[in-house]
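If you want the building blocks of each chain, they are given just below.
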Amino acid sequence: MNLRKKAGLTQRAIAVALDVRESTISEWERGLSTPHLRPSQVKKMLEVYQCSLDELIEAFEGQEAEAEAQTNGNE
């Protein structure tokens with residue numbers, strides 16, 4: 001994910017900060033799943049990624065569209 005790389009963090013660092021599995025972060029980044037977080041975790045995510053809520057939404061919605069396009073292209 002561009003936000004993670006922009007912040008200079010590893011998937012592991014994000015997982016530890018959000019108290020989720022590293023594989024969960026990987027799934028989010030590949031567009032295989034979307035975050036289902038408590039409001040406090042969303043707040044923490046904004047702090048960790050050092051971004052605004054709009055940037056976070058844009059990043060995840062962009063990944064979902066990209067993953068869907070790849071899936072449709074493989075059929």
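To start, this report covers the structure provided alongside it. All residue numbers refer to positions counted from 1 along the written sequence of the respective chain. Given that this is a predicted model, residues contribute local features only at a pLDDT of at least 70 and side-chain atom pairs are listed and counted only at 80 or more, while totals for whole chains, interfaces and linings are drawn from all residues. As a rule here, side-chain values cover all heavy atoms of the structure and leave hydrogens and water aside.

## Structural notes on the overall build of the chain
Numbering of helices and strands runs from the N terminus, with a helix taken as a DSSP run of H or I at least four residues long and a strand as a DSSP run of E at least two residues long. When helices and strands are tallied, the chain shows five helices and zero strands. Ordered by position in the sequence, the α and β elements of the chain form the string α-α-α-α-α. The cut-offs for exposure are 20% and 50% of the maximum accessible area for each residue type, with area from a 1.4 Å probe on protein chains only; residues under the lower value are buried, those over the upper are exposed, and the others partly exposed. When each of the 75 residues of the chain is scored for burial, the buried share is 28%. Contacts are residue-level and defined by heavy atoms, with any inter-residue pair within 4.5 Å sufficient. Sequence-distant contacts in the chain: of pairs separated by 6 or more residues, those separated by 24 or more amount to 50%. Exposure was quantified through the Shrake-Rupley algorithm and a 1.4 Å probe, taking into account, for residues, occlusion by the shown protein chains and nothing else. When the accessible surface of the chain is totalled, it reaches about 5,200 Å², and 48% of it is carbon and sulfur.

## Brief notes about the side chain of arginine 4
Along the chain, the position of arginine 4 falls in helix α1 (residues 2–7). N or O atoms closer than or at 3.5 Å make up a polar contact, with two conditions inside protein: a donor-capable atom paired with an acceptor-capable one, and, for residues adjacent in sequence, both atoms drawn from side chains. Reaching out from arginine 4, the side chain makes a polar contact with the side chain of glutamate 29 at a distance of 2.5 Å.

## Concerning a negative patch on the surface
Patch building starts from residues that exceed 30% relative accessible area and form no salt bridge, then joins like charges within 9 Å and nonpolar side chains (Val, Leu, Ile, Met, Phe, Trp, Tyr) within 5 Å. By definition here, a salt bridge exists when the distance from a side-chain nitrogen of Lys or Arg to a carboxyl oxygen of Asp or Glu is within 4 Å. We treat Lys and Arg as the positive residues and Asp and Glu as the negative residues; His and chain ends play no part in the count. The atom standing in for a charge is NZ when the residue is Lys, CZ when it is Arg, CG when it is Asp and CD when it is Glu. There is a patch of like negative charges on the surface, built from Asp54, Glu55, Glu58 and Glu61. What makes glutamate 55 partly exposed here is its relative accessible area of 35%.

## Some thoughts on the nonpolar core
Here the nonpolar core consists of buried residues drawn from Ala, Val, Leu, Ile, Met, Phe, Trp, Tyr and Cys, with membership extended through side-chain atoms lying within 4.5 Å. Core analysis: the biggest nonpolar cluster contains 13 residues, and Met45, Tyr49 and Leu56 have the highest contact counts within it. For this core, the secondary structure elements donating two or more residues are α2 (11–18), α3 (22–29), α4 (39–49) and α5 (53–73).

## Observations regarding unusual backbone geometry
Its identity is not glycine, yet aspartate 19 carries a phi of approximately 60°, on the positive side. Considering the arrangement of structural elements, one finds aspartate 19 in the loop between α2 and α3. A residue is classified by how much of its surface remains accessible, and aspartate 19, at 69% relative accessible area, is exposed. With a phi close to 55°, glutamine 50 is a non-glycine residue in the positive phi region. Along the polypeptide, glutamine 50 turns up in the loop between α4 and α5.

## Here we look at α4
Among all positions in α4, only Gln41, Met45, Val48 and Tyr49 are buried. Axial view of α4: buried residues confined to an arc of 85°, hence all on one face. Among the exposed residues of α4, those pointing more than 90 degrees away from its buried face are Pro39 and Lys43. One or two positions beyond α4, positive phi appears at glutamine 50, with a value near 55°. The directions from the helix axis to the C-beta atoms form the arc being described.

## A closer look at the environment of alanine 7
Considering the arrangement of structural elements, one finds alanine 7 in helix α1. In this structure, the C-alpha to C-alpha distance between alanine 7 and cysteine 51, residues 44 residues apart in sequence, is 9.0 Å. Non-local contacts of alanine 7, meaning those with residues more than four positions away in its chain, are made with Val48 and Tyr49.

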